[in-house]
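Spelled out, the chains give:
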Amino acid sequence: MDGKLGCVVAAVDGGEESMNALGWALNNLKLRPPSSPGSDDAGKLVILHVQSPPNIAAGLNPGGIPFGGPTYVEVPAFAAAIEAHQKRISNAIISHAVGICSGKNVNVETKVVVGDPKELICEMTTKLHADLLVMGSHAYGAIKRMFLGSVSNYCINSVSCPVIIIKENSTS
Amino acid sequence: MEAGGARRQIMVALEPSEESTYALEWALEYLVISPDSDHLILLYVAPESLHNTMITGKEVSFSSHVLSVLEKNKKQTAHRVIELAKTMCEKYNVTYETKVMVGEAKFVICDAAKKLNVDLLVVGGHDFGAIKRFFIGSNLGEYCINHAKCPVALVKRRGKRT
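Peer 1: What am I meant to see in the side chain of B:Glu15 here?
Peer 2: Along the chain, B:Glu15 falls in the loop between β1 (8–14) and α1 (18–31). Here B:Glu15 is buried and forms no salt bridge, its nearest opposite-charge partner B:Lys106 lying at an N-O distance of 11 Å.

This is the structure in structure tokens:
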């Protein structure tokens, strides 16, 4: 039976659970084949990584000098170093994800965007007209979830397409 | 997802709602790969007692005649939902089994999914507004995602958001 899925978004971050989710998607979902050889309407898997903005993730951003002093411009080297580091993290995540996809003969695209993960995952899912969103879940307990929030819980309530959440211990 | 292995056990939670019907249809269309690779477990959970169907949870006593009418209505609803689900599965030529259990849906579904060791749980999405969620708590989809051990597919109808 042919697959019907046109666009599946797999959200990945630095956690093993999200890579498990990607692996599950590769093993369990079937994308739509192209309607004719060479046409570009084949289903695709979009690996989406949302990179946190540098000042939040770093937590070390000294910020500008207050009371009229210079701000961003004064510490260009520092901010640039943080951004470069973030970029290296994103690249590692994306190449790890793409590595998981290799050999599976799947039409894969990658996308990295910077911003708040839960909001951007939802936004990108809508923008890409995804048929399905696949995510891992950090499986925080109820208390931790209350404080840290949950990206997956936010997404299942905000996104308009179906969502599959894969917990950490299921890959087959 | 190739043949030659055990088939995937996909459990679909059935309720008397459009969301649930849509979830089953979506699963059949987009998730199920072939009759050889997948087997559906259609689970319908009937509320335990009629009192549970009321949001306030207050005990109300009915006359026995009213009770029997309500019981019959419950059975008819279950029958209707299950027959519709069976027809849909047959249309897609997929093997299925039906199960009817009694209790509170979210607990029963997660429990059954664990006991039967299903590979995937499919649940319809209920979009509650903030007020309703305050009283009812997490909806079925959220509960299953937080408590089921297996992957959970939460299927909402496009564009239907609160």
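We are not done yet, so read on.
Peer 1: What should I look at first to understand the nonpolar core in this one?
Peer 2: Side chains of nonpolar character tend, in soluble globular proteins, to be buried together. Residues A:Leu29, B:Leu24, B:Leu40 and B:Val122 are the most contacted members of the largest nonpolar core, which totals 47 residues. Contacts of B:Val122, omitting those with residues within four sequence positions, involve B:Ile10, B:Met11, B:Val12, B:Ala13, B:Ala23, B:Ala27, B:Leu31, B:Ala153 and B:Val155. Judged by nonpolar contacts, the second largest core, of 42 residues, contains A:Cys7, A:Cys155, B:Met11 and B:Val45.

Peer 1: How do you make sense of empty space enclosed by the protein when you look at a structure like this?
Peer 2: Leftover empty space is mapped by rolling, across the atoms, a probe with the size of a water molecule. Residue and element names in this part refer to chain B. One pass over the structure, following the stated rule, counts three cavities of 30 Å³ or more. What the largest cavity holds in volume is close to 50 Å³. Surrounding the largest cavity, Leu14, Ser20, Thr21, Leu24, Val81, Leu84, Ala85 and Met88 form its lining. Sorting the residues of the lining of the largest cavity by element identifies α1 and α2 (64–91) as the ones contributing at least two each. Top contributing element to the lining of the largest cavity by residue count: α2, with four residues.

Peer 1: What's the story with α1(B) in this structure? I'm lost.
Peer 2: Along an α-helix, residues three or four apart share an orientation, since each turn contains 3.6 residues. Counted at 1.5 Å a residue, the expected span for α1(B) with its 14 residues is 20 Å, and the 19 Å between its end C-alpha atoms agrees. Along α1(B), the residues classified as buried are B:Glu19, B:Ser20, B:Ala23, B:Leu24, B:Trp26, B:Ala27, B:Leu28 and B:Leu31.

Peer 1: Please clarify how the environment of B:Ala27 should be interpreted in this entry.
Peer 2: Residue and element names in this part refer to chain B. When you line up the elements, Ala27 lands in helix α1. A residue is classified by how much of its surface remains accessible, and Ala27, at 3% relative accessible area, is buried. C-alpha separation for the pair Ala27 and Val155, spaced 128 residues apart in sequence, amounts to 8.3 Å. Setting aside residues no more than four positions away along its own chain, Ala27 makes contact with Val32 and Val122.

Peer 1: I tried to follow the interface of chain B and chain A on my own but got confused; where do I start?
Peer 2: When the parts of a complex come together, some accessible area is lost, and that lost area is often used as the size of the interface. Counting from both sides, the interface comprises 31 residues of chain B and, opposite them, 29 residues of chain A. Run the count over chain B and chain A and you get one salt bridge. Across the contact surface, chain B and chain A share eleven residue pairs in polar contact (both at pLDDT 80 or more). Counting residues per element, the ones that place at least two in the side of chain B that touches chain A are α1, α5 (140–147) and β5 (152–155) of chain B. Considering only residue class, the side of chain B that touches chain A consists of 15 nonpolar, five polar and eleven charged. With three bridges connecting them, strand β5 (residues 163–166) of chain A and β5(B) associate as antiparallel partners. Residue pairing for β5(B): A:Ile164 is matched across the bridge by B:Ala153.

Peer 1: Looking at this structure, I do not really get the packing of aromatic side chains. What am I missing?
Peer 2: Where two aromatic rings form a pair, the distance of their centres and the angle of their planes describe that pair. Residues and elements named next belong to chain B. Using the criterion set out here, one finds two aromatic pairs over all chains in the structure. Judged by centre distance (5.4 Å) and plane angle (80°), the ring pair of Phe107 and Tyr143 falls under edge-to-face. Taken together, the residues span a long stretch of sequence, with Phe107 in helix α3 (residues 105–115) and Tyr143 in helix α5 at a distance of 36 residues. Residue classification places Phe107 among the partly exposed positions, given a relative accessible area of 42%.

Peer 1: I would appreciate a short explanation of the pairing of β5(A) in the present structure.
Peer 2: Remark: a regular strand shows side chains that alternate across the two faces of the sheet. Residues and elements named next belong to chain A. Residues Val163 and Ile165 line one face of β5 and the alternating positions Ile164 and Ile166 line the opposite face, and both faces are buried. With four bridges connecting them, strand β4 (residues 132–136) and β5 associate as parallel partners. Residue pairing in the sheet places Leu133 in a bridge with Val163 of β5.

Peer 1: Would you explain the pattern of salt bridges in this entry?
Peer 2: Side chains that differ in charge, positive against negative, can pair when their charged atoms come close. Tallied over the full model, the rule gives ten salt bridges over all chains. Among the ionic pairs, B:Glu29 bridges to A:Lys4, the shortest N-O distance being 3.4 Å. Highlighted residues: B:Glu29 in helix α1 and A:Lys4 in the segment before β1 (7–12), drawn from two different chains. Overall, the relative accessible area of 25% leaves B:Glu29 in the partly exposed class. Two residues, B:Lys99 and B:Glu97, come together in a salt bridge whose shortest N-O distance is 3.2 Å.

Peer 1: Which parts of the structure should I look at to understand unusual backbone geometry?
Peer 2: Glycine aside, a negative phi is what most residues show, and trans is what most peptide bonds show. Residue A:His129 is not a glycine yet carries a positive backbone phi of 50°. Take A:His129: it is sitting in the loop between α4 (117–127) and β4.

Conventions used here
- Residues numbered from 1 in each chain as written.
- Chains lettered and ligands numbered in written order.
- Predicted model: local features only at pLDDT ≥ 70, side-chain atom pairs only at ≥ 80, totals over all residues.
- Heavy atoms only, no water.
- Helix = DSSP H or I, 4+ residues; strand = E, 2+ residues; numbered from the N terminus.
- Buried < 20%, exposed > 50% of the residue type's maximum accessible area, 1.4 Å probe, protein only.
- Lys, Arg positive; Asp, Glu negative; His and termini not counted.
- Salt bridge = Lys/Arg side-chain N within 4 Å of Asp/Glu carboxyl O.
- Core = buried A, V, L, I, M, F, W, Y, C linked by side-chain atoms within 4.5 Å.
- Contact = heavy atoms within 4.5 Å.
- 1 Å grid on protein atoms, 1.4 Å probe; cavity = no way out; pocket = protein on both sides within 12 Å on 5 of 7 lines; lining within 4 Å.
- Points joined across faces, edges and corners; volume = space filled by probe spheres on them.
- Expected span 1.5 Å × (residues − 1).
- Polar contact = N/O pair within 3.5 Å; in protein donor to acceptor, adjacent residues only side chain to side chain.
- Nonpolar A, V, L, I, M, F, W, Y, C, P; charged D, E, K, R; others polar.
- Pairing = 2+ DSSP bridges.
- Phe/Tyr/Trp six-rings, centres within 6.5 Å; stacked < 30°, edge-to-face > 60°.

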